[in-house]
Amino acid sequence: MMGGMAGLEGMEQPRPRSEPAAAGRGIPGADRDQAPAPRRPVSATPEPAGDPALGEVRLPSRPQSAGIARRLTAAVLLKQWSLTPQLAEHAVLLVSELVGNAVRHTGARTFGLRMLRRRGWIRIEVRDPSRGLPCLMPVQETDLSGRGLFLVDTLSERWGVDLLPRGKTTWFEMRIADR
């Protein structure tokens, strides 16, 4: 694990209950095949290999990456963690905003996405190499842009920015009902 654990002291990442190799793939017997599945050319499928619940997933800093980040978020919250569709919808919206900020305002080539779960909470982080701080703008109902952090502030329990030696992590946390 590289750095970037700022502000996470005392946060434990829960261990998956099932075998991580086969978890959540939904393909019976896939783990028994020895030969790896053929890879399509990168241009045809920008989807990264990686699970943001296990470690940071790096994505290219392009507008299309927001869609990938949304799909990864929905997959983790709905399939792996079995959270409610309403919570997943809000988290997906907030991820979209944080990724949008990272892509539009930092000039970075890549950004990182990571998801953590602990008792009663989820935390989603977007890390980028810029130390420029996002600011919460006052918004009017009629404003079409500049609403990102207003939404994050409204839909999450808490959020913040941790400055790192190189860059920052923008994060939000939401309460969840542990079944």
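Relevant structure appears above.
Residues numbered from 1 in each chain as written. Predicted model: local features only at pLDDT ≥ 70, side-chain atom pairs only at ≥ 80, totals over all residues. Heavy atoms only, no water.

Ranked by size, the top nonpolar core spans 31 residues in total, and within it Leu 77, Trp 81, Val 99, Leu 113, Ile 122, Ile 124 and Phe 172 carry the most contacts. Every element with two or more residues in this core is listed here: strand S1 (57-60), helix H1 (64-80), helix H2 (85-105), strand S2 (110-118), strand S3 (121-128), helix H3 (148-155) and strand S5 (167-175). Tallying contributions element by element places H2 first for this core, with 9 residues. For Trp 81, the contacting residues outside a window of four places in its chain are Ala 53, Val 76, Met 115, Leu 116, Arg 117 and Ile 122. (Core = buried A, V, L, I, M, F, W, Y, C linked by side-chain atoms within 4.5 Å. Buried < 20%, exposed > 50% of the residue type's maximum accessible area, 1.4 Å probe, protein only. Helix = DSSP H or I, 4+ residues; strand = E, 2+ residues; numbered from the N terminus. Contact = heavy atoms within 4.5 Å.)

So, on to the sheet that holds S3. The strand order across the open sheet built from 5 strands is S1-S2-S3-S5-S4, with neighbouring strands paired in antiparallel fashion. What marks the edges here is a single partner per strand, and that holds for S1 and strand S4 (158-164). Strand-to-strand, the axes of this sheet are offset by a mean angle of 20°, without reference to chain direction. Alignment of S3 against S5, held across 8 bridges, turns out to be antiparallel. (Pairing = 2+ DSSP bridges. Axes fitted to C-alpha atoms, helices over the stretch in contact; angles between N-to-C directions.)

Burial analysis of S5 places 8 of its 9 residues in the buried class, which makes it a mostly covered element. For S4 and S5, the ladder comprises 7 bridges, and the chain directions are antiparallel. What sits directly across from Trp 159, in S5, is Phe 172.

Glancing now at the pattern of salt bridges. Under the criterion given, the structure shown has 9 salt bridges. Here the salt bridges share partners, and the residues they tie into one network are Arg 114, Arg 118, Arg 123, Glu 125, Arg 158, Asp 162 and Glu 173. (Salt bridge = Lys/Arg side-chain N within 4 Å of Asp/Glu carboxyl O.)

Per the counting criterion, the structure on display carries 0 aromatic pairs. For the cation-ring pair, Arg 123 lies above Trp 171, with the distance from its terminal atom to the ring centre recorded as 4.2 Å. A cation over an aromatic ring shows up here: Arg 158 above the ring of Trp 121, its NZ or CZ 4.0 Å from the ring centre. (Phe/Tyr/Trp six-rings, centres within 6.5 Å; stacked < 30°, edge-to-face > 60°. Lys NZ or Arg CZ within 6 Å of the ring centre and 35° of its normal.)

It is worth spelling out H2 at this point. An ideal rise of 1.5 Å per residue puts 30 Å on 21 residues; H2 measures up with 30 Å between its terminal C-alpha atoms. Following H2 by one or two positions, Gly 107 has its phi on the positive side, about 65°. (Expected span 1.5 Å × (residues − 1).)

Even without being glycine, Ser 82 reaches a positive phi, approximately 50°. Positionally, Ser 82 belongs in the loop between H1 and H2.

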